[in-house]
Every structure is written in C-alpha cells, then in structure tokens.
Amino acid sequence: MSEVKKFMFVNRKAPYGTIYALEALEVVLITAAFDQDVSLVFLDDGVFQLKKGQQTKGIEIKNFSPTYRALEGYDVEKLYVLKESMDARGLSEDDLLVPVTVLTTAEMGALMDEQDVVLSF
Amino acid sequence: MLHIVNKSPLENTALESCLNLAGAGDVLLIEDAVYAATVGNSFEPTLRAALGKVKIYALQPDLDARGMGDRLVAGVTAVDYSGFVDLTTSNKNCQSWL
Amino acid sequence: MATIEVGGKTYETDEEGYLVNLSDWDADVANHIATTENITMTDQHWEVINFLREYFEEYQIAPAVRVLTKAIGKKLGADKGTSEYLYALYPYGPGKQACKIAGLPKPTGCV
C-alpha cells in the first residue's frame, strides 16, 4: 500500500445558499474509501454547516446536516472548528450537531501547514 | 423601495452597502442573508443600527433551514413566502443585491 | 423516465431501476424489485433491507459497502458483518442491489 497522506477539506461556506457545502461532504464521503488521513475543517461561514436543528422542508432542499453524523462510520473522525469563527456567529460547541475539536487561529494555521493536500470549498 | 439581499454579511459586503444606501423602505433578507438577523452574530450591531431607518424582514423558511428559527433579532419581522410576495407588491420598486 | 408496475400502480424509476421517490416504497414494491433482480426475499434479506432503511432515515445517505458491512456487524452480529455473508444474499453487491430493493438511491461514490 502506498504512503498515507494528510488530506484536509476546508469548509468556508454556509449550507444551502451555495452548493459548496454539499459538494464538499460528498467528496469527503467518496474519498473516505481511500484510507487516507482526513481532516475536516470548518471556518468562517462554514461553521453554520454544523448548526443543530436545520429544517429544510420550507425551502424544498434536502437537509444534509444528518449526514455529518455518519462521518464517524466512515472513519472520518477529525473535525476541527475555528473558535473565532464560532464566536463571530454567536455559536458555541453546544450548538453543533457533531463532536468537534475547537482550535484557535494559531492552532488552525499550524494544522493547515502540516497537510500534504488541502482542498478548499 | 424593497431591497432584497441573499448573501451572508460576514463574507460579502452586499448587505452592508444596502443598509448604508437604503434611506428608508423595506429590506428583506433571504437565503444566506438571514444569518444577519440572528442574535450573537458580529453583524448584529450594524443591523440593529439600521433598524432605526429601514424595516427589516427575514424569510422564515430560510431561517428554519439553517437551524436559526429561534434566534431572530428583536425588531426584525419574519415572513413566509406569501409575506415575500406582499412586500414585492406593496413597494413601488425593488432591488436585488447580488 | 422508466417505470415499474406493482399491484396495478405505476412507480417512477431511474434508468437503472432505482425508485425516484423514496416514499413510493413498500414491501410489495421491494418484493417486485427483488424478483427482477432474481432474488427471493428471506428473513435474512429483509434484515439487511430494514437496516438500510433505518440507516438512511438517520443519516440521509445510503452507506458505502464498507460502512454497511461494519455497521451490520455491530447491529446484527459479527457473523453477519462480513462481505461473504452480504454478497451471498445480494450477489450483485449489497450496496447496489440491496439499496435498489430498499428503495434508496445508489450509495454515494458507487459507480
């Protein structure tokens, strides 16, 4: 087997307004099959993707927020959220629908720096 | 005039420009712009300041979709789709900020 | 758009035979699709179908085969959480074939 690489997916967009959040999630689910070291990062408006209580019936778009809870079963267990992004949006860890690791800007920058591949959405 | 904004205030300046330029009238927040009308957001002071000169509405289905239905800033009015239609017909003109 | 007919009712499917509307699904439709796949449904088959329906209800996706196998092992016992067991029930792939009978979309990433 070839060498395991560190993959990071950077999520910076709110869900539903654009297609980026859903596309990123689908790419993550597909690449989970390749047994790499995968990290998911949520910063800026990307933290809104993990907000509890999404109800999309009224806008007739599929609610894909429950799928974040399936990531653990896909062995994608490294989820990081930027503290400053949560603070700026009035969110705390309790508002999120999956367990995450909260990082400061400095910690997030260091984590980004050590990746082999970074994919931004 | 009815101003319609659909971009998050934290990654796009559409709402900020809109609120600066809108002297009076109605501002309707839809899609990702509804985050602007939620409490605790860093845009909240700007929005509150604007409430003095314009009337601000937010589309309820978009708030619900984003799990933000219970966080509306006091003074902002939630509307459904028929409320959206009423706003477009009660104003003599309309601008969509892209 | 392709269709299938079950008990005098017509249901929309895609070109590969997957139901278009999740809510169209019931046991009769499942049995009908199974027949077209040359599968005779047993309790063991239903166990997997019901598991898939529950998984979809909870996570809004059909699981990848690897994920399904692991999750079945956890829920229904280690002896059932193997590729051999699942492929014996669904020779064309527990993901593809079982999802079709369960009225779910094809698993994400499945070609």
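Before reading further, recall that the structure is shown in the block above.
Caption draft 1: Spotlight on the interface of chain A and chain C. Contacts between chain A and chain C engage 14 residues on the former and 14 residues on the latter. Here chain A and chain C share an interface that buries about 1,100 Å² over both sides, 52% of which is from carbon and sulfur atoms. Along the contact surface separating chain A from chain C lie three salt bridges. Between the two partners, chain A and chain C, sit seven residue pairs in polar contact (both at pLDDT 80 or more).

Caption draft 2: Fine view of the interface of chain A and chain B. Listed by partner, the interface residues are 23 residues for chain A and 18 residues for chain B. Of the roughly 1,500 Å² buried where chain A meets chain B, counting both sides, 49% is carbon and sulfur surface. The tally of links between chain A and chain B comes to one salt bridge. Arginine 71 of chain B is the partner of aspartate 95 of chain A in a salt bridge, and the nearest nitrogen-oxygen pair spans 2.7 Å. Put simply, chain A and chain B have ten residue pairs in polar contact (both at pLDDT 80 or more) between them. For the side of chain A that touches chain B, the per-class residue count stands at seven nonpolar, eight polar and eight charged.

Caption draft 3: Structural view of the pattern of salt bridges. As enumerated under the stated definition, the model contains 16 salt bridges over all chains in all. For glutamate 47 of chain C, the salt bridge is made with lysine 80 of chain C, and the minimal N-O distance between the two is 2.8 Å. One end of the pair, glutamate 47 of chain C, is in helix α2 (residues 43–59); the other, lysine 80 of chain C, is in the loop between α3 (65–76) and α4 (83–89), with 33 residues separating them in the sequence. On the basis of relative accessible area, glutamate 47 of chain C is assigned to the partly exposed category, the value being 27%. The exposure class assigned to lysine 80 of chain C is buried, which follows from its relative accessible area of 16%. Among the charged side chains, a salt-bridge network with shared partners connects Asp75 of chain A together with Arg66 and Lys70 of chain C.

Caption draft 4: Looking closely at the environment of glycine 103 of chain C. All names here are of chain C. By the secondary structure assignment, glycine 103 is in the segment after α5 (96–101). Classification of glycine 103 as buried rests on a relative accessible area of 0%. In this structure, the C-alpha to C-alpha distance between glycine 103 and leucine 86, residues 17 residues apart in sequence, is 18 Å. If we ignore the near neighbours within four places in the chain, the residues touching glycine 103 are Leu19, Leu22, Trp25 and Arg53.

Caption draft 5: Representation of the sheet that holds strand β5 (residues 94–97) of chain B. All names here are of chain B. With parallel pairing, the five strands of this open sheet are ordered in space as β4-β3-β2-β1-β5. The open sheet terminates on both sides in strands that have one partner only, identified here as β4 (77–79) and β5. On average, adjacent strands in this sheet sit at an angle of 25° to one another, irrespective of strand direction. Relative to strand β2 (residues 26–29), strand β1 (residues 2–5) is paired through four bridges, and the arrangement is parallel. Across the sheet, the residue bridging to histidine 3 is valine 27, located in β2.

Caption draft 6: Spotlight on unusual backbone geometry. Residues and elements named next belong to chain A. With a phi close to 75°, tyrosine 16 is a non-glycine residue in the positive phi region. You can see tyrosine 16 is positioned in the loop between β1 (6–11) and α1 (20–31). Within the chain, aspartate 44 stands out as a residue other than glycine whose phi angle is a positive 50°. Here aspartate 44 is to be found in the loop between β2 (37–42) and β3 (78–82). Assessed through its relative accessible area of 27%, aspartate 44 is described here as partly exposed.

Caption draft 7: Representation of the environment of phenylalanine 7 of chain A within the structure. Residues and elements named next belong to chain A. Assignment of secondary structure puts phenylalanine 7 in strand β1. Sequence separation between phenylalanine 7 and valine 28 is 21 residues; the distance between their C-alpha atoms is 9.8 Å. With residues up to four places along the chain from it excluded, the contact list for phenylalanine 7 reads Gln36, Asp37, Val38, Ser39, Gln115, Val117 and Leu119.

Caption draft 8: Main features of the arrangement of the chains. Take the two pairs of chains in contact: the one carrying the most contacts is chains A and B. Considering only C-alpha positions, the minimal separation of the non-contacting chain B and chain C is 15 Å.

Caption draft 9: Broad picture of the sheet that holds β3 of chain A. Residues and elements named next belong to chain A. The strand order across the open sheet built from five strands is β4-β3-β2-β1-β5, with neighbouring strands paired in parallel fashion. Both outer strands of the open sheet, β4 (101–103) and β5 (117–120), are each paired with one neighbouring strand and no more. Put simply, the sheet's adjacent strands are angled 25° from each other on average, direction ignored. Note: β2 against β3, four bridges, orientation parallel. For valine 41, the partnering residue across the bridge sits in β3 and is tyrosine 80.

Caption draft 10: Layout of the pairing of β1 of chain A. As judged from the six bridges shared by β1 of chain A and β2 of chain A, these two strands associate in the parallel manner. The partner of valine 10 of chain A across the bridge, within β2 of chain A, is valine 41 of chain A.

Parameters and conventions
- For every chain, the first residue of the written sequence is number 1, and numbering continues from 1 along that sequence.
- Written order determines the labels here, with chains lettered from A and ligands numbered from 1.
- In keeping with the predicted nature of the model, local features appear solely for residues at pLDDT of at least 70, side-chain atom pairs appear and are counted solely at 80 or more, and the whole-chain, interface and lining totals rest on all residues.
- As a rule here, side-chain values come from all non-hydrogen atoms in the structure, and water together with hydrogens is ignored.
- When checking whether two residues touch, look at their non-hydrogen atoms; a contact exists if any pair is within 4.5 Å.
- Joining two parts hides part of their accessible area as seen by a 1.4 Å probe, and the buried area is that hidden amount summed over both.
- Basic side-chain nitrogens of Lys or Arg form a salt bridge, by our definition, when they fall within 4 Å of a carboxyl oxygen of Asp or Glu.
- Distance and chemistry together define a polar contact, namely a pair of N or O atoms within 3.5 Å, with one atom able to donate a hydrogen and the other to accept it when in protein, and with adjacent residues in sequence counting only for side-chain atoms on both sides.
- Here the term charged refers only to Asp, Glu, Lys and Arg, the term nonpolar to Ala, Val, Leu, Ile, Met, Phe, Trp, Tyr, Cys and Pro, and the term polar to all other amino acids, Gly among them.
- Numbering of helices and strands starts at the N terminus; helices are DSSP runs of H or I of at least 4 residues and strands are runs of E of at least 2.
- Exposure is judged per residue with a 1.4 Å probe applied to protein chains only, and the accessible area is read against the type maximum: over 50% gives exposed, under 20% gives buried, and values in between give partly exposed.
- If DSSP finds at least two bridges between two strands, the strands pair.
- For helices, the fitted line uses only the C-alpha atoms of the stretch in contact; every axis is such a line through C-alpha atoms, and the angle between N-to-C directions lies from 0 to 180 degrees.

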